[in-house]
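A look at the structure
Each chain, written out:
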Amino acid sequence: MDVTTHTGTRLQDRVAIVTGAGQGVGEGIARRLGEEGATVILAARRAETGEPVAETIRAAGGIAECIVTDVAKGDSVQQCVDETVRRHGRLDIMVHNAFSGAVPHLLHEATMEKNWKLMSKTGVWACFFCARAAYPHLQESSRRGTGLGGGRLILITSPSGVEGSANIALYSPAKAAERAIAKSLAREWGPEGITVNCIAPVAGSPALAIAFERNPALKDAIEARTPLGRVGDITKDIGSVALFLASDDSSYVTGQTIVCDGGSFLGL
Amino acid sequence: MPSHATTINSQLGDVPSQARVIVVDISDIPSLAVDLTDDKIQELWEQPIQKVITELQDAHSSGCKRIVVVTPLIGMSGAAGYSAQAAVAEAARIVVKSAARQWGKDGIVVNAVALESAAYGIDESVAGPVSIAPRAMTNEVSAKGIVQWLCSEAAGDVTGQTFIVDGGSWM
């Protein structure tokens, strides 16, 4: 079965928010959830990126809307969640993918401070913003679930959050923090039937495309070190893992990180 | 009353001049995620992790060749009611790996010691059990021995690692 052309009903009647859905991994996740019947809210910082993705989901028969959201601001995330529930009556799945500031830097250089603030805000603070805004609705989703269904929080981390990085040194602790938050919330919210998991992807994002453009040898190097020999597809490869974590199929999985990188990192 | 980090630090003994021990300082007061206001996130996440980063930078600029970061185990296990503190703990453990990768070529080794959460005043009956199995050992544990070794010449080829001191809970 080619999952890119498959449309189904695994998430029918569920409402999902995906942050950073205007491009890259967030876009792939939004598309895949939309293909399976979810009403998808694309929480993007700019309508110029979020709205075209929403339009392609609608053109394929799905239900999608863009709500302009700055994940670095708690009020903005709260407004996105409130507006989603006002329009659609519920929120079942919250995916936090947005992230900014991951540019190469030395740990000991003073200029990295600004980058850290951006990474901390869009990565870690935003996890807390998403968690606290979504929580009552995820609780409600679990209450109305049939036993397998329930609220889902999915955080997008990185293999670098496990193994560290020489190149983008502070990207790693920001992504590591997200994994610790997922484990903690899995414990905190488990009794209410809400699951919290992470995906650590390596996929063809715009950031990676720029990196390949700057350093053509990088693509060959990544493909050579990856057992599956290729960079992941945002929809087919990463979106499908998000679909699993969002669906009833993963009802007994929580606190976990699924590394989705073609087998490049095997250290978990 | 001294913080748990101060108490832990006082138990680690003196280290050579070219070594630095950084003890991650977190609050032992639980706070549910839904109650984490912006002020709380600043206090429980941003300030402690920035302190770790600043201390790492200071150790580097001071010419230290052996750096050890002591951090609570809840970063690896997660802890109900302590999501912000767990985030600090795990971020500190992983920035050690970044530092080890970046500074290794300069002969600087950086390692982490993950210390049982009880040393930080965190109760497993609140935070949740670290492991599905009971703690293997019954005695009190100390990070002094492993920290002293990591600060010594003998550990000069070891970098980017995490050593768990918890009496055999997390395996």
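These remarks concern the structure in this document. All values reported here derive from a predicted model rather than from experimental measurement.

**A few points about the pattern of salt bridges**
All names here are of chain A. A complete count under the given rule lists 24 salt bridges over all chains for this structure. Notably, a salt bridge pairs Glu36 with Arg32, separated by 3.9 Å at the nearest N-O pair. Residue classification places Glu36 among the buried residues on the basis of a relative accessible area of 0%. Note on Arg32: relative accessible area 2%, which makes it buried. Between Arg90 and Asp92 there is a salt bridge whose closest N-O contact spans 2.8 Å. Through salt bridges that share partners, Glu65, Glu83, Arg86 and Arg87 make up one connected network.

**Regarding the sheet that holds strand E4 (residues 162-165) of chain B**
Residue and element names in this part refer to chain B. One open sheet accounts for four strands, arranged E1-E2-E3-E4; its pairing is parallel. The outermost strands of the open sheet, each flanked by one partner alone, are strand E1 (19-23) and E4. The mean inter-strand angle of the sheet, taken between neighbouring strand axes irrespective of direction, is 20 degrees. Sheet strands in contact with helix H2 (residues 38-61) are E1, strand E2 (66-72) and strand E3 (109-115), and its direction is about 175 degrees off that of E1.

**A word on the environment of Gly167(B)**
All names here are of chain B. Mapped onto the elements, Gly167 comes out in the segment after E4. Measuring from C-alpha to C-alpha, the distance between Gly167 and Leu115 comes to 9.5 Å, with 52 residues separating the pair along the chain. Those residues in contact with Gly167, other than ones at most four positions away along the chain, are Arg135, Ala136, Met137 and Val141.

The rules behind each value
- Residues numbered from 1 in each chain as written.
- Chains lettered and ligands numbered in written order.
- Predicted model: local features only at pLDDT ≥ 70, side-chain atom pairs only at ≥ 80, totals over all residues.
- Heavy atoms only, no water.
- Salt bridge = Lys/Arg side-chain N within 4 Å of Asp/Glu carboxyl O.
- Buried < 20%, exposed > 50% of the residue type's maximum accessible area, 1.4 Å probe, protein only.
- Pairing = 2+ DSSP bridges.
- Helix = DSSP H or I, 4+ residues; strand = E, 2+ residues; numbered from the N terminus.
- Axes fitted to C-alpha atoms, helices over the stretch in contact; angles between N-to-C directions.
- Contact = heavy atoms within 4.5 Å.

Geometric descriptors of this kind do not, in isolation, establish any biological role.
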